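Below are the chains, spelled out letter by letter.
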Amino acid sequence: MAMAKMLLLVAMALVSSCSAWELNIQMPTKRLQAMDEAVAPLIHALRPLLGSGGELGSRGGVACDSWVLGVEAHNVRDWKTVPAKCEDYVGHYMLGEHFRRDSKVVIDEALAYVETLKLAGNGKEIWVFDIDETTLSNLPYYEHGFRTTPFNATSFNAYVLEGSALLEIDVSCRTEDQRAITVANLHSQGISGWKDLLLKQPGFKGSAVAYKSGERQKLQDARYVIVGNIGDQWSDILGAPEGARTFKLPDPMYYIG
């Protein structure tokens with residue numbers, strides 16, 4: 001479990017630069033004004049622009065902030081691209097303090113949960129991490145367009161092979177042929193001692209939910225206890241066995257079902 005705690009602390013380092021968010025109890029009008037003043041400098045360029053987003057778009061457009069909320073709440077599903085008119089909104093969100101602040105809330109909750117664990121110390125208690133957009137940030141790849149165009153597997157795989165991003169561990173939809181570069185990247189960041197790095201085998205045709213829940217089931221069948229599970233996609237954490245506690249990081253850039 002010490003490894004799980006270390007990995008969480010490393011992940012937290014990605015978002016620890018944002019300032020603390022304090023909640024002040026005030027009268028409603030003053031509270032709203034204080035919130036506006038606090039948020040304005042952080043996401044000054046964000047505006048609730050109208051864009052199209054699947055079924056919502058077909059009904060006359062949806063505000064970009066509401067579209068992102070729908071994505072994070074898992075109400076907007078099976079979308080292929082970020083609405084074109086929301087490129088600036090998503091871009092400023094991902095590159096600004098707002099994304100870091102939202103991520104920090106998740107990481108802080110995960111760390112608080114870790115502190116409550118009573119571990120048996122038998123080497124069978126594990127924490128499952130997703131890789132891309134959880135322990136690895138691919139923002140250098142996505143920052144041009146922020147997925148307003150369809151995903152290009154060829155160019156993304158070429159980016160992965162450059163080995164230029166920060167990684168950690170665990171169950172990933174990356175394929176087995178990317179193991180060497182992934183391991184090398186882990187080592188280059190000083191990360192070692194993980195229990196396993198599970199990558200998709202060639203020819204797997206199922207969904208991400210089927211793949212990742214299947215790998216977790218294998219771990220459980222081997223008598224491992226999944227005390228925690230964290231990812232940026234709902235498909236990272238849905239599907240039994242999910243683990244004792246799950247954590248969902250924000251990611252409005254793409255959807256994997």
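Placed above this text is the structure.
Residues numbered from 1 in each chain as written. Predicted model: local features only at pLDDT ≥ 70, side-chain atom pairs only at ≥ 80, totals over all residues. Heavy atoms only, no water.

On to the overall build of the protein. Looking only at helices and strands, the protein features eleven helices and seven strands. Per-residue burial over the protein gives 43% buried out of 257 residues. Contacts in the protein between residues far apart in sequence, at least 24 positions, make up 66% of those at least 6 positions apart. Of the accessible surface of the protein, which amounts to about 13500 Å², a share of 55% is contributed by carbon and sulfur atoms. (Helix = DSSP H or I, 4+ residues; strand = E, 2+ residues; numbered from the N terminus. Buried < 20%, exposed > 50% of the residue type's maximum accessible area, 1.4 Å probe, protein only. Contact = heavy atoms within 4.5 Å. Areas by Shrake-Rupley, 256 points an atom, 1.4 Å probe, with all protein chains shown as cover.)

Turning to the side chain of Asp-251, a few remarks are in order. Inspection of the secondary structure puts Asp-251 in the segment after β7 (246-248). Nearest to the buried, unbridged Asp-251 among oppositely charged side chains is Lys-248, at 6.6 Å. Only 3.2 Å separates the side chain of Asp-251 from the side chain of Gln-233, close enough to count as a polar contact. In contact with Asp-251, other than residues within four places in its own chain, are Val-71, Glu-72, Glu-133, Asp-232 and Gln-233. (Lys, Arg positive; Asp, Glu negative; His and termini not counted. Salt bridge = Lys/Arg side-chain N within 4 Å of Asp/Glu carboxyl O. Polar contact = N/O pair within 3.5 Å; in protein donor to acceptor, adjacent residues only side chain to side chain.)

Evaluated as defined, the whole model comprises ten aromatic pairs. Summarising the aromatic geometry, the rings of Tyr-142 and Tyr-254 are spaced 5.4 Å apart at their centres and angled 40 degrees between planes, so their arrangement reads as tilted. Taken together, the residues span a long stretch of sequence, with Tyr-142 in helix α7 (residues 139-142) and Tyr-254 in the segment after β7 at a distance of 112 residues. The residues Tyr-142 and Tyr-254 share a single accessibility class, namely buried. (Phe/Tyr/Trp six-rings, centres within 6.5 Å; stacked < 30°, edge-to-face > 60°.)

A few words on the state of the cysteines. Within the structure shown, the criterion is met by one disulfide. A disulfide bridge connects Cys-64 with Cys-86, and the sulfur atoms are separated by 2.0 Å. Between Cys-64 and Cys-86, the S-S dihedral sits near -90 degrees, and the bridge is therefore left-handed. With Cys-64 in helix α4 (residues 64-72) and Cys-86 in the loop between α4 and α5 (87-95), the pair connects residues that are 22 residues apart, well separated along the chain. (Disulfide = S-S within 2.5 Å.)

Next up on the list: the sheet that holds strand β3 (residues 125-129). Across a sheet, strands are paired by hydrogen bonds formed along the backbone, either parallel or antiparallel in direction. On the basis of which strands lie adjacent, the open sheet formed by three strands has the order β3-β6-β7 and parallel pairing. In the strand order of this sheet, the two ends are held by β3 and β7, each with one partner. The average undirected angle you get between the axes of adjacent strands in this sheet is 10 degrees. Relative to strand β6 (residues 225-231), β3 is paired through five bridges, and the arrangement is parallel. Looking at β6, one finds that Glu-125 is bridged to Val-225. The strands touched by helix α6 (residues 97-116) are β3, β6 and β7; relative to β7, the strand with the most contacts, the crossing angle is about 165 degrees. (Pairing = 2+ DSSP bridges. Axes fitted to C-alpha atoms, helices over the stretch in contact; angles between N-to-C directions.)

Bringing the nonpolar core into the picture now. Counting residues in hydrophobic clusters, the biggest one holds 22 residues, and the most contacted among them are Trp-67, Trp-79, Val-82, Val-90, Met-94, Phe-146 and Met-253. Among the elements of the structure, α4, α5, α7 and α8 (153-161) are those that each provide at least two residues to this core. Formed by 13 residues, the second largest nonpolar core is a distinct cluster that contains Val-106, Leu-111, Tyr-113 and Val-227. (Core = buried A, V, L, I, M, F, W, Y, C linked by side-chain atoms within 4.5 Å.)

Attention shifts here to unusual backbone geometry. A negative phi angle characterises most non-glycine residues, just as the trans form characterises most peptide bonds. Of note, the bond from Ala-240 into Pro-241 is cis; its omega dihedral lies within 30 degrees of zero at -5 degrees. Not every positive phi belongs to a glycine, and Asp-78 is a case in point at roughly 60 degrees. Looking at where Asp-78 falls in the secondary structure, it is placed in the loop between α4 and α5. Overall, Asp-78 belongs to the exposed group, its relative accessible area being 57%. Backbone geometry places Arg-223, a non-glycine residue, at a positive phi of 70 degrees. Position of Arg-223 among the secondary structure elements: in the loop between α10 (208-221) and β6.

Topologically, Asn-229 is positioned in strand β6. Distance in space between the C-alpha atoms of Asn-229 and Ala-110 is 9.5 Å, their sequence separation being 119 residues. When near neighbours in sequence (up to four residues on either side) are disregarded, Asn-229 contacts Trp-127, Val-128, Arg-216, Asp-236, Ile-237, Glu-242, Arg-245, Thr-246 and Phe-247.

When α5 is considered as a whole, its buried residues turn out to be Tyr-89, Val-90, Gly-91, Tyr-93 and Met-94. Looking at the buried positions of α5, the neighbouring elements they touch are α4, α6 and α7.

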